[in-house]
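Secondary and tertiary structure notes
Okay, here's what each chain looks like letter by letter:
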Amino acid sequence: MRSIIEMAPLQVYYSGLLFTPQSSLIRGGYLKNIPWVTMEPKVADVWSSLIQTLEGHTSPVITAMFSPDGKLVASASEDKTVRLWNTSTGKQCGLLEGHTSIVKSAVFSPDGKLVASVSWDNTVRLWDTSTGKQCGLLEGHTNVVTSAVFLPDGKLVASASCDNTVRLWDTSTGKICGVLEGHTTYVWSAVFSPDGKLVASASRDETVRLWDISTGKQCGLLEGHTCGVISAVFSPNGQLIASASEDTTVRLWDISTGKQCGVLEGHISEVYSAVFSPDGKLVASVSDDKTVRLWDTSTGKQCGLLEGHADWVNSAVFSPDGKLVASASWGNTIRLWDTSTRKQFGVLEGHTSIVKSAVFSPDGKLVASASLDTTVKLWHTSTAKQCGVLECHTTYVRSVVFSPDGRLVASASTDETVRLWDTLTVKQCGVLEGHTSIVNSAVFSLDGKLVASASNDKMVRLWDTSTGKQCAVLEGHTGKVNSAVFSPNGKLVASVSWDNTVRLWDTSTGKQCGLLEGHTDKVNSAVFSPNGKLVASASWDNTIRLWDTSTRKQFGVLEGHTDTVTSAVFSPDGKLVVSASSDKTVRLWDSTKQTTIEIIETHDTTKIMKFPNDGTHLHTSRGILQLKPSLHSGGNRELSHTLTHSLHVTDQWITCNMKKLLWLPVDYRLSCSAVNDTANLIVIGTASGRVIFISIDFTTLPAAYSQLPVNVAVTTGRASWLLTAFIS
């Protein structure tokens with residue numbers, strides 16, 4: 001909880017209590033003092049091995065390395081920086097800037113006075129750790145530099161590169177003093193032996209090669225991996241090498257014989273790196289499967305599993321005393337783990353991989369969650385209990401949707417199928433097969449009799465939900481189809497594609513009846529007006545275009561957004577169009593005059609928008625927008641909205657009325673979320689697979705949260721006003 005104590009000290013009382021393990025005495029004694037949380041998130045029983053999470057990088061972290069005295073960690077990131085961290089406090093204590101591209105690796109010199117960093121800018125740079133200043137620029141590689149390491153006496157640096165070579169550099173002069181050539185493709189890493197006499201290099205050519213420093217000649221070839229070798233490392237006594245590979249294994253090699261002496265199997269995806277503990281008794285390996293695994297080198301057996309990263313783990317390293325492991329992740333974080341406890345986080349209900357989609361049923365009584373673990377799960381919103389597991393997909397589930405009556409669920413998957421499930425029996429009741437590539441989305445017609453599925457195979461297919469039979473194949477797009485939507489009367493389908501077009505289809509014949517061309521970039525989504533006479537399409541070309549469905553002609557272009565338009569929606573009377581964009585604004589438009597009514601700065605991308613039938617307010621992923629009668633009735637255009645009580649989930653916070661209410665620790669941050677405004681219920685799907693339910697009672701909230709914020713700029717037709725609106 002260190003980072004939230006620094007950021008907002010009082011939040012540790014709320015978030016610290018809610019997300020502290022069940023066995024905590026403090027939780028048991030004081031949780032009752034948060035009466036406004038009526039449904040608590042389910043948390044682990046005990047603390048895990050995780051000690052700290054270091055946050056600050058703005059892009060994935062590739063490697064992390066301890067200083068020789070264990071007091072610092074250096075991390076290298078795709079954000080082009082190296083950062084130094086104090087291991088006792090977790091605070092950032094240095095920012096090394098100068099590279100012009102991704103930094104792949106950073107390593108300390110044996111005396112801890114220097115850091116060497118390597119980059120996709122083809123250079124190695126040396127930094128003074130006391131000042132943070134660059135003190136050396138090593139140029140000579142002709143391609144991306146992937147790793148660097150100091151000779152044990154600090155006099156040389158060895159760098160590995162995608163130019164298929166390892167180069168040796170004199171740290172005092174910055175001059176090249178050797179080029180090791182022999183690999184037939186990219187060299188991912190190089191490392192010195194403890195006595196400084198050898199270099200081991202790992203390559204995409206599936207080999208590890210040993211080199212004699214004194215002669216620059218190859219003196220060993222370790223073959224056995226079936227895919228590229230990403231890293232290799234010597235044991236502290238120099239007798240073994242551990243190599244990590246894309247073939248999902250770590251292999252141990254005897255240096256004296258060049259023979260393989262162990263295969264460490266358990267990861268389910270490619271292994272990025274492996275490293276020995278200081279005493280040589282353990283190996284830590286990291287993988288695409290988001291885990292750090294500990295192995296006993298004497299037996300080759302797994303003896304620890306460190307779980308919690310929300311994304312691929314790129315590297316791990318032991319502290320000099322062997323008590324800690326630092327792991328670096330694509331989730332932009334570095335984690336410190338206690339190697340002595342090796343505790344599991346605890347068994348929590350949920351998925352075993354990233355949750356991609358979470359949706360409420362029409363009556364709000366169920367939630368369906370879809371995951372990369374190939375399953376769909378159903379949950380009772382009243383109890384937050386899992387009430388069904390839908391297991392038939394063979395690969396990732398990308399999206400899930402309820403039928404209008406809530407009786408069916410349709411799930412779309414990368415296994416090229418859509419599957420139908422009966423929510424009462426929790427049984428599969430249909431397998432919709434026919435697509436030849438990933439299915440991106442599925443949608444029900446308003447009467448629930450049809451499903452339209454959109455796929456990367458450039459087609460939309462229509463299916464009869466009662467029989468599961470295909471009843472039409474809509475062919476014509478020349479790029480992958482993102483989504484499809486039915487017209488209100490069900491007679492048309494509009495599909496949008498990466499071919500920059502919207503196409504209209506007759507559902508009775510399956511024939512194309514309209515080609516709507518005009519966008520100059522990919523189209524994200526389309527929506528029909530309530531009377532079905534117009535279609536609004538949102539595009540990467542920063543515009544919303546309106547189309548007349550009877551003439552198939554462009555009716556208007558709504559221009560003003562400065563970035564991709566993610567979605568658009570009509571008001572129930574069709575007089576308004578509301579659009580959301582990656583430029584972090586929501587715009588209200590007059591659909592007849594095609595003019596901007598208001599621009600609302602949201603400070604985040606708004607992804608979900610929906611009007612209830614009365615048209616008096618708009619539900620969004622940023623809260624509820626309340627419209628004044630003058631706007632939704634077509635009267636004078638004036639200050640038009642306020643926010644009612646609203647809950648929203650950002651990356652780190654749950655907000656209430658746009659005020660920060662609950663901070664989310666790293667393990668509980670969203671990959672997707674859904675909010676039921678009526679029940680004041682939030683569902684969060686996390687990258688770790690957990691599905692969390694939190695319900696808020698507005699009547700018992702502290703008074704400050706019931707007061708709406710002010711001072712948010714909203715631009716109307718001719719003037720700029722200060723108005724309550726979306727802000728976090």
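Residues numbered from 1 in each chain as written. Predicted model: local features only at pLDDT ≥ 70, side-chain atom pairs only at ≥ 80, totals over all residues. Heavy atoms only, no water.

Observations regarding the side chain of Thr423
Examined against the element boundaries, Thr423 turns out to sit in the loop between strand E36 (417-422) and strand E37 (427-433). The exposure class assigned to Thr423 is buried, which follows from its relative accessible area of 12%. A polar atom in the side chain of Thr423 sits 3.0 Å from the backbone oxygen of Gly406. Look past the residues within four positions of Thr423 in its chain and what remains in contact with it is Leu366, Leu378, Phe402, Gly406, Arg407, Leu408 and Val409. (Helix = DSSP H or I, 4+ residues; strand = E, 2+ residues; numbered from the N terminus. Buried < 20%, exposed > 50% of the residue type's maximum accessible area, 1.4 Å probe, protein only. Polar contact = N/O pair within 3.5 Å; in protein donor to acceptor, adjacent residues only side chain to side chain. Contact = heavy atoms within 4.5 Å.)

Brief notes about the sheet that holds strand E23 (residues 271-276)
On the basis of which strands lie adjacent, the open sheet formed by four strands has the order E23-E24-E25-E26 and antiparallel pairing. Because the sheet does not close on itself, it has two edges, and the strands there are E23 and strand E26 (302-307). The sheet shows a mean angle of 20° between the axes of neighbouring strands, direction not considered. Pairing geometry for E23 and strand E24 (residues 282-287), over five bridges, is antiparallel. (Pairing = 2+ DSSP bridges. Axes fitted to C-alpha atoms, helices over the stretch in contact; angles between N-to-C directions.)

Observations regarding the sheet that holds strand E10 (residues 134-139)
Taken together, four strands build an open sheet; the order of strands is E7-E8-E9-E10 and the sheet is antiparallel. Two strands close off the open sheet at either side, each with one partner strand: strand E7 (103-108) and E10. The average undirected angle you get between the axes of adjacent strands in this sheet is 20°. Of the strand pairs in this sheet, strand E8 (residues 114-119) and strand E9 (residues 123-128) are connected by five bridges, and their pairing is antiparallel. Residue pairing for E9: Leu114 is matched across the bridge by Asp128.

So, the pattern of salt bridges
Applying the stated criterion across every chain, the model contains 13 salt bridges. For the salt bridge of Asp163 with Arg167, the shortest nitrogen-to-oxygen distance reads 3.7 Å. Considered together, Asp163 and Arg167 belong to a single accessibility category, that of buried residues. (Salt bridge = Lys/Arg side-chain N within 4 Å of Asp/Glu carboxyl O.)

Points about a nonpolar patch on the surface
On the surface, Tyr13, Ile26 and Tyr30 cluster together into a nonpolar patch covering about 320 Å² of accessible area. Relative to the helices and strands, Tyr30 is located in helix H3 (residues 25-30). (Patch = residues over 30% accessible without salt bridge, like charges linked within 9 Å, V, L, I, M, F, W, Y side chains within 5 Å. Areas by Shrake-Rupley, 256 points an atom, 1.4 Å probe, with all protein chains shown as cover.)

Observations concerning unusual backbone geometry
One can expect most non-glycine residues to show negative phi and most peptide bonds to be in trans. If you check the backbone angles, Lys290 has positive phi at about 75° while not being a glycine. Along the chain, Lys290 turns up in the loop between E24 and strand E25 (291-296). Within the chain, Ala384 stands out as a residue other than glycine whose phi angle is a positive 60°. Among the structural elements, Ala384 can be located in the loop between strand E32 (376-380) and strand E33 (386-390).

Side note on the confidence of the model for the protein chain
Chain-level statistics for the protein chain give a pLDDT mean of 84 and a share of 88% at 70 or above. Ignoring residues within four places in sequence, the model shows residues 343-348, a span with pLDDT below 50, making 19 contacts including any to other chains. Under a pLDDT of 50 for its full length, residues 709-728 has, in the predicted model, 62 contacts with residues more than four places off or in other chains. (pLDDT = per-residue confidence, 0-100.)

Describing the packing of aromatic side chains
Evaluation of the coordinates by the stated rule reveals six aromatic pairs. Ring centres of Tyr14 and Trp36 lie 4.9 Å apart, and the angle between their planes is 85°; on these two criteria the pair is classed as edge-to-face. Here the residue Tyr14 occupies a position in helix H2 (residues 11-18), and Trp36 occupies one in the loop between H3 and strand E1 (37-39), the gap between them amounting to 22 residues. On the accessibility criterion, Trp36 (2% relative accessible area) is buried. The interplanar angle of 45° and the centroid separation of 4.7 Å between the aromatic rings of Phe19 and Tyr668 together place this pair among those described as tilted. Within this pair, whereas Phe19 is found in the loop between H2 and H3, its partner Tyr668 is found in the loop between strand E60 (659-663) and strand E61 (670-676), the two being separated by 649 residues in sequence. A relative accessible area of 3% places Tyr668 in the buried class. (Phe/Tyr/Trp six-rings, centres within 6.5 Å; stacked < 30°, edge-to-face > 60°.)

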